[in-house]
Amino acid sequence: MAKLSEYSAKRRFEATPEPAPAEPAHRGGPLLFVVQQHAARRLHYDFRIECDGVLFSWAVPKGPSLDPADKRMAVFVENHPYDYASFEGVIPPKQYGAGEVIVWDCGVYSPDEDGVWFHDREQAQQRVREGLVGGKLSLQLRGLKLKGSFALVRTKQDEKSWLLIKHKDRFISAADVTQQDRSVLSGVAVKDMRSFPVHRMPASQLVPVGDATAMPAKLEPMQAELGDAPFQDAGWMWEPKLDGYRVLAFVDGDKVQLRSRRGLELANTFPRLAEELRQQAGGGTMILDGEIVALGADGKPSFNALQNRFQLKSPVDIATADRNVPTLFFAFDLLYFAGLDLRARPYHERRRYLAQCLMPSALVQLVHADEDGESLHAAALASGFEGVIGKRKDSRYEAGKRSPAWLKVKPTHSADLVIGGYTKGKGSRGALGSLLIGYWEGDGLRYASHVGSGFNDRALQEVLARLEPLHTRSCPFSSKPEVNAPVTWVKPELVAEVDFQEWTDDGSLRAPVFQRLRDDIDPKTVRREVPSHSGAATKKRRSARAAPPSPRGDVVIDEVVAALDGTTKNAFELAVGTHRIRLSNLDRVYWPANEALQQPALTKRDLLRYLAQVSPLMLPHIADRPLTMIRMPDGITGQRFFQKHWEQARPDFVESVTVFSESKDEHHNYLLCNNLPTLLWLAQSGTLEFHVWHSRAKVDADAKSKSTDYATSLESLEASVLNCPDYVVFDIDPYIYSGKEAPGAEPELNTIAFEKGKEIAFALRELLLGMKLEPIVKTSGKTGLHVFVPIRRTIDFDTARHVSELVSRHLMRQRPREITMEWSVPKRSGKIFMDHNMNVRGKTLNVAYSPRGEPGAPVSMPLTWEELASAHPLDFRMTSVIKRLTRTGDRWRDALTRKQDLDRALKGGKA
DNA sequence: GGATTGT
DNA sequence: ACAATCCAACGCCTC
DNA sequence: GAGGCG
Ligand SMILES: [Mn+2]
Ligand SMILES: [Mn+2]
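Residues numbered from 1 in each chain as written. Chains lettered and ligands numbered in written order. Predicted model: local features only at pLDDT ≥ 70, side-chain atom pairs only at ≥ 80, totals over all residues. Heavy atoms only, no water.

With that settled, the discussion passes to the protein's contact with DNA strand B. Every residue close to DNA strand B is listed here: Ser584, Asn585, Arg588, Tyr590, Lys604, Arg631, Pro633, Phe641, Gln648, Gln684, Ser685 and Gly686. At the protein interface, 57% of the atoms of DNA strand B within 4 Å belong to sugar or phosphate. Lys604 has a polar side-chain atom sitting 2.4 Å from a phosphate oxygen of DNA strand B. In terms of residue class, the surface near DNA strand B is built from three nonpolar, six polar and three charged. (Near = heavy atom within 4 Å. Polar contact = N/O pair within 3.5 Å; in protein donor to acceptor, adjacent residues only side chain to side chain. Nonpolar A, V, L, I, M, F, W, Y, C, P; charged D, E, K, R; others polar.)

Written out as structure tokens, the structure is:
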């Protein structure tokens, strides 16, 4: 292994998250390159190539360019360990290279002066070594952003100065490739790294790595099962389904085979494709899964054009056809590359390897893939594709099998509708842009939609000819449709069959595509079919998948979720068991979409759904505790206000407790959120955060006081059960600023601060364990942590506060530079604030599982201590936690029952 | 978001 | 009829 | 006692 001593000398591995040098591991397969973007003192890019077990590195201040005229300065810097290639994160202040790092691009590379050597690591490395010594490298990059041949040349003037220059090939471009500024691993821009949770993947997963095995001589393609609708699920990706000819392409040196599903050999039928694919492998081996597609006259994939193409046998005819009817290979999977069998790798990795190793050209292209199944489906239908295929990210390639890990989704809905008019379009569609279609409802013809997709020239002609004699001056629809093109009305006598995705709630069609005229149907009989098997059914299936049955199989929760998702109505009356709640403004955006945090816009409906689903875990922690509502009826960007008391009318399922107050009216009503309808009713009134007392208005065995007189006097309140907390609270608040805060603002979430907070929480835990006390922990949802010691309710808040203070001060003496208990905010700066004064009657904290009115929609998440080690607040969001909770259940399920005796602990050990 | 108060 | 306004709190800390 | 703090 080449040396890493300089790398180690510059860094302190206790203080930086960067990887320490590791023992050299045996690696086979192509060599890796990576480009990291690094927001250090000065923003730059680090270009690194693997050779002899380490990464030879150059710092490129302006980053790579695809323009051969640009010579980019590249300063040769110290070797980095191989594992550095997947490093993304934040290097803390004062450490070498302090700042944020993302993986801007990664892929495989090979010297390319005398052919490429992806398939022969030793040959490749030999040429790289020579190039490094000689000061001249020519490399073919197969990355996700960078493709093609690049030169690295050492300048005469300086040993360390090199130039990075794009060679002329088909990948040159005047476009600025650094405009694509997201990480290829996490999708995060470097400036957002500070607030984003990082989860390292091993560098060896970035590109195909492994030992060579013989290339399978024959394989059959993996098949998809039939699915009923696309859905959003972070575990799935979606690709358009191409209307072509499924083929596995085997390349071995000069030999190319194109195998159809039935084993037919097609390389001779598509010689140009075969030649292109041969070049893709660069003399090595490769198996691609894909689809041969012929483009019709309109430039869209056409199965007919492909059928015609198959008829040709003579080389002359084929050559002519290749000029006139382009035939393309669309690749969507990579099963084997440069000697490595990739079939057992998960789909999302194969997908990355494919995007890296494939060098797109006019004839060989990469199939688009996307996480947003619903949008892709709509877009795919609109552009003339058959539908979409969903693929489970963690699925292996099961050759020859029909697997549920791949789902084929085609539009299943079809309707016959009456044509009442048509619009003019543009260009070749000047005469007919779209048809206005509708159905009879009572005596009127109700407008449903306009449909402009699905016409070929012949259909266009035919429909126009049939409409001509039906022209009329008056609009046949009962209410005149709004369209932004000139309309010609026709008598409602023609019926069109239309495929579409679903009925929208306002009675329109989503993604309609014209199929044919239906002369066999009497236009007077056209009614809208009940949408039981269309819109509503689609929704139901979707939610059934996205939301597994509630943890306890609670019927009421399932009904609530079904009601919320079963309609697009903005307001309706929700049944919760026997209770009714008027819901309004369900589509109001509470959390606006935040691209940097990869959060879609979340509405009040999303909030209600989340609360219903989480309620079995959340209610035990919120029940019987006087509640402070943080209300944001206009969403998190609008006005927000606290509300502690509720003197107005309220539904009868909402419980409350009256508490003495020294201020003038002597007592106040606090709400108790003791059941699901209350939780939902609170959300309806704009409550986004639920903050609760640490004591409960309920007597049971662990409470020493049995008094429930909270209202008559201060003395009675202090003698009541509300005066004894359920836990000693350690509120851990990092005051380590990200630097982006407005003057005077609270510190924002940032990784450095949270990591330090975690460290303090672990130290606190050690201290408490030494006192025979077992603490539990949760994220607050914002920047801090809540560490609680559940105790029997025998001591009052005052005692609990003293315990918290004693322990915190002890910890602060051990780590004075890291912990502060200062009252003045400026003096807390750079430290972790431990606020023992939270242990006071009437103080509140955001309850477990409560969302926060913060970007990303994080929630307060109870964790095991093991989980805390790798946790980040934004790992737990309204959008993601239900899935986790069905697996883990409530990590705090014992918090209220496994209580500890503080008196004994205090006598036993001393802090 | 909703009740209450002010114009 | 419609717009404006309210919707927290108190005990603890430090000076 | 005043004013900051959560
Ligand atoms: Mn750097
Ligand atoms: Mn806190």
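Attention now moves to the coordination of the manganese ion (ligand 2). Each pair of donors in an ideal four-coordinate tetrahedral metal site encloses 109.5 degrees, whereas pairs in an ideal six-coordinate octahedral site enclose 90 or 180 degrees. Within the protein, Asp731 (OD) and Asp733 (OD) serve as the donor atoms for the manganese ion (ligand 2), at 2.2 Å. Comparing Asp731 with Asp733, the two get one shared label, buried. (Donors = N, O, S within 2.8 Å, 3.2 Å for Na, K, Ca; no water. Buried < 20%, exposed > 50% of the residue type's maximum accessible area, 1.4 Å probe, protein only.)

Moving on, we come to the pattern of salt bridges. If you walk through the whole model with that rule in mind, you get 55 salt bridges. As a salt-bridge pair, Lys10 and Glu6 come within 3.3 Å of each other at their nearest N and O atoms. According to the relative accessible area criterion, Lys10 is partly exposed, its value standing at 31%. Lys758 serves as the salt-bridge partner of Glu755, at 3.1 Å between the closest nitrogen and oxygen. Taken together, the positions of Glu755 and Lys758, both in helix α14 (residues 751–770) and three residues apart, correspond to about one turn of that helix. Classification of Glu755 as partly exposed rests on a relative accessible area of 36%. For Lys758, a relative accessible area of 3% corresponds to the buried category. Here the salt bridges do not stand alone but share partners, grouping Arg625, Arg696, Asp700, Asp702, Asp726, Arg793 and Lys899 into one network. (Salt bridge = Lys/Arg side-chain N within 4 Å of Asp/Glu carboxyl O. Helix = DSSP H or I, 4+ residues; strand = E, 2+ residues; numbered from the N terminus.)

Here we take up the pairing of strand β32 (residues 627–631). The buried fraction of β32 is high, at five of five residues. Burial along β32 is two-sided: the residues Leu627, Met629 and Arg631 and Thr628 and Ile630 are all buried. The pairing of β32 with strand β36 (residues 687–692) spans five bridges and is classified as antiparallel. When the bridges of β36 are listed, Met629 appears paired with Phe690. (Pairing = 2+ DSSP bridges.)

Quick look at the packing of aromatic side chains now. Considering all chains together, one arrives at 26 aromatic pairs under this definition. Taking 4.4 Å as the distance between ring centres and 15° as the angle between the ring planes, the aromatic pair formed by Phe455 and Phe514 counts as stacked. With Phe455 in the loop between β22 (444–451) and α8 (457–467) and Phe514 in strand β27 (residues 513–517), this pair connects stretches of sequence that are 59 residues apart. Just as Phe455 is buried, Phe514 falls in that class too. (Phe/Tyr/Trp six-rings, centres within 6.5 Å; stacked < 30°, edge-to-face > 60°.)

Another aspect to go through is the protein's contact with DNA strand C. Looking at DNA strand C, there are 15 residues lining it, with Phe642, Lys644, His645, Ser661 and Asn837 nearest. In DNA strand C, atoms within 4 Å of the protein come 62% from sugar and phosphate. The separation between a phosphate oxygen of DNA strand C and a polar side-chain atom of His645 is 2.5 Å. Within the side chain of Ser661, one N or O atom sits 2.9 Å away from a phosphate oxygen of DNA strand C. Looking at which element gives the most residues to the surface near DNA strand C, the answer is strand β33 (residues 641–643), with three residues.

Moving on, we get to the sheet that holds strand β39 (residues 785–790). Taken together, the six strands give an open sheet; going across it, the order is β40-β41-β37-β39-β38-β43, and neighbouring strands pair in mixed fashion. Each having just a single partner strand, β40 (819–820) and β43 (862–863) make up the two edges of the open sheet. Direction of pairing for β40 relative to strand β41 (residues 832–834): parallel, over a ladder of two bridges. Residue Thr820 lies in a different strand from β41, and its bridge partner there is Phe833. Along the sheet, helix α15 (residues 797–814) contacts β37 (727–734), β40 and β41; its crossing angle with β37, the most-contacted strand, is approximately 45°. (Contact = heavy atoms within 4.5 Å. Axes fitted to C-alpha atoms, helices over the stretch in contact; angles between N-to-C directions.)

The next subject is the sheet that holds strand β11 (residues 236–241). Within the open sheet, the four strands sit side by side as β10-β19-β18-β11. Their pairing is mixed. Whereas interior strands pair on both sides, the edge strands pair on one side only; in this sheet they are β10 (223–226) and β11. Between one strand axis and the next, the sheet turns through 40° on average, direction left out of account. Where β11 and strand β18 (residues 387–392) come together, six bridges link them in antiparallel fashion. The residue of β18 that forms the bridge with Trp238 is Gly390. Packing against the sheet, helix α6 (residues 347–357) makes contact with β11, β18 and β19 (402–409), and its axis sits at approximately 55° to β11.

The next subject is the nonpolar core. Nonpolar side chains in soluble globular proteins tend to be buried together. Residues Ile49, Trp58, Leu288 and Phe329 are the most contacted members of the largest nonpolar core, which totals 100 residues. The element best represented in this core is strand β15 (residues 327–337), accounting for nine residues. The residues that make up this core include at least three from each of domain 1 (2–205) and domain 2 (223–409). Ignoring anything within four residues of it in the chain, the contact list for Phe329 reads Val247, Ala249, Leu273, Leu277, Leu288, Asp289, Gly290, Glu291, Ile292, Leu363, Val364 and Gln365. Leu680, Ile736, Met834 and Met838 belong to the second largest nonpolar core, which has 95 residues in total. (Core = buried A, V, L, I, M, F, W, Y, C linked by side-chain atoms within 4.5 Å. Domains from an automatic or database assignment.)

As a further point, take the coordination of the manganese ion (ligand 1). Within the first shell, the manganese ion (ligand 1) binds the protein through His38 (ND1), His44 (NE2) and Asp46 (OD), at distances of 2.2 to 2.3 Å. Sequence positions of the donors to the manganese ion (ligand 1) reduce to the motif H-x5-H-x1-D. Among the residues examined, Asp46 registers a relative accessible area of 5% and is labelled buried.

Attention now moves to the pairing of β36. Regular strands have side chains that alternate between both faces of the sheet. In terms of burial, β36 is a largely internal element, six of the six residues being buried. Where β36 meets strand β42 (residues 845–846), two bridges bridge the pair, whose relative direction is antiparallel. Counterpart to His691 in the pairing with β42 is Asn846.

Taking burial as the measure, the 11 residues of α6 include 10 buried ones, the bulk of the element. Here α6 has its buried residues at Tyr347, Glu349, Arg350, Arg351, Arg352, Tyr353, Leu354, Ala355, Gln356 and Cys357.

Packed helices, taken two at a time, are described by the angle their axes make and the gap between the axes. Direction vectors running N to C along helix α11 (residues 604–622) and helix α12 (residues 676–684) enclose 150°, while the axes themselves pass 10 Å from each other. Classed by the angle they form, the pair α11 and α12 counts as roughly antiparallel. Note on packing geometry: the crossing formed by α11 with α12 is right-handed. On the side of α11, the interface is formed by Lys604, Leu607, Leu608, Leu611, Ala612, Ser615, Met618 and Leu619, while α12 contributes Leu676, Leu679, Leu680, Ala683 and Gln684. (Parallel < 35°, antiparallel > 145°, perpendicular 65-115°, else oblique. Left-handed = near helix turned anticlockwise from the far one by under 90°.)

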